[in-house]
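Analysis of the macromolecular model
Below are the chains, spelled out letter by letter.
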Amino acid sequence: MIDTVQRGPDATPLKYRHSRAFHAVRTGVGVLICIGLTTVLHVPHGLWTTISFLVVITGLQHHGNIRRKALERVVGTLVGAATGLLVLLQQEWLQQIELTWLLLALFCAACAYHAVGRAGYMALLAGLTLIIVTGQGTDPLDIGLWRALNVLIGVAVALALSFVQPLYATWFWRDVLANALLHCEEALSGAAEAVPTPAGEAAAKRGLAGIGGTLQSLRALMPSAAKEGGVPMAQMEEIQRTVRMVVSSVELLTASQVAAADVAAQLRMLHELAVALRTGALGAMPAFAAEAAAATAADRLSLVHVLDAELQRLPRLLQAAPGLWHG
């Protein structure tokens with residue numbers, strides 16, 4: 001059943017259906033721009049422009065983290081370039097290469113110290129820029145200046161292209177969530193066969209295996225998606241907890257004896273909700289609250305009822321966060 005959800009040419013923009021190819025084309029265009037600029041302007045040591053561009057542009061950029069990453073890149077580059085020029089300047093004045101090597105080692109050690117913290121990328125870029133500008137500390141100051149200029153050109157090109165047709169984390173977040181629900185559907189459908197078959201057992205195992213990394217992927221995308229959609233992190237956490245409850249309920253039901261008739265409504269909920277997430281149709285979000293019958297105390301303790309309650313809750317939470325539906 002998992003293969004019945006088709007994105008279609010109109011459901012998903014081209015840049016999302018081929019996000020890796022889109023990023024590859026953008027990177028290739030950037031390399032050509034870097035080569036063209038340094039060649040036409042006769043900038044010495046133009047190789048470092050392309051290298052700097054590739055260091056900065058690596059990784060798919062989400063609209064929600066572009067500004068933060070841009071600030072980190074600018075600060076890291078400027079700090080590294082300025083420090084590198086100061087190191088070369090003191091080398092020209094003092095002519096003490098051992099001192100220059102010691103200064104390079106100390107600054108790189110400081111970058112490594114901060115690279116394991118929140119400003120890790122900025123520290124890493126500062127250290128790389130320092131080495132690009134100074135080399136081993138034996139080059140003249142004018143070469144360091146040219147290399148610093150090349151680094152700045154490369155970073156500027158990378159930042160400019162990052163803002164061209166950015167990819168929205170909200171779409172990736174919805175797509176991962178849809179995959180999680182489809183894997184839940186596959187696992188539950190395979191386990192709910194009246195007579196267990198090898199195909200059903202294989203489907204259940206395949207669905208459970210697919211569920212594995214979805215929660216972690218969702219959590220990794222949460223900060224960028226929340227920023228893009230203007231959704232408070234507390235609201236994102238509430239959605240995440242509900243998804244985790246759905247996944248846990250499906251995993252427990254898969255390990256128990258459950259009849260297909262008992263989970264038919266839940267299978268349909270999983271499927272229709274995944275379709276709405278994939279197509280980005282907020283208005284097509286299923287509403288299942290009206291289908292809930294009065295539950296006895298025993299029903300409320302059953303895994304099927306827990307799954308049913310969470311699947312009715314999830315659409316309401318998603319509808320309360322319309323910012324997650326752009327992109």
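Preceding this section is the structure that the text describes.
Values in this document were obtained by computation on a predicted structure and should not be read as measured data.

Looking at the packing of helix α11 (residues 214–229) against helix α12 (residues 233–254)
- Where α11 meets α12, the axes come as close as 10 Å, and the angle between the chain directions of the two elements is 160 degrees. The angle between the axes of α11 and α12 places the two elements in the roughly antiparallel class. Crossing of α11 against α12: the hand is right-handed. Mapping the contact onto sequence places Leu 215, Leu 218, Arg 219, Met 222, Pro 223, Ala 225 and Ala 226 in α11 and Met 233, Met 236, Glu 237, Gln 240, Val 243 and Arg 244 in α12.
- Taken together, the residues that form the contact of α11 with α12 break down as nine nonpolar, one polar and three charged.

Remarks on the pattern of salt bridges
- Summed over all chains, the structure comprises five salt bridges.
- A salt bridge links Glu 238 to Arg 313; the nearest nitrogen and oxygen atoms lie 2.5 Å apart. Remark: Arg 313 occurs in helix α15 (residues 303–319) and Glu 238 occurs in helix α12; sequence separation between them is 75 residues.
- Taking the relative accessible area as the measure of exposure, Arg 313 reaches 31% and is therefore partly exposed.
- Here Arg 268 makes a salt bridge to Glu 272, at a shortest N to O gap of 3.2 Å. Taken as a pair, Arg 268 and Glu 272 lie in helix α13 (residues 264–279) at a separation of four residues, close to a single helical turn.
- Of the residues examined, Arg 268 reaches a relative accessible area of 35% and is grouped as partly exposed.

Calculation notes
Residues numbered from 1 in each chain as written. Predicted model: local features only at pLDDT ≥ 70, side-chain atom pairs only at ≥ 80, totals over all residues. Heavy atoms only, no water. Axes fitted to C-alpha atoms, helices over the stretch in contact; angles between N-to-C directions. Helix = DSSP H or I, 4+ residues; strand = E, 2+ residues; numbered from the N terminus. Parallel < 35°, antiparallel > 145°, perpendicular 65-115°, else oblique. Left-handed = near helix turned anticlockwise from the far one by under 90°. Contact = heavy atoms within 4.5 Å. Nonpolar A, V, L, I, M, F, W, Y, C, P; charged D, E, K, R; others polar. Salt bridge = Lys/Arg side-chain N within 4 Å of Asp/Glu carboxyl O. Buried < 20%, exposed > 50% of the residue type's maximum accessible area, 1.4 Å probe, protein only.

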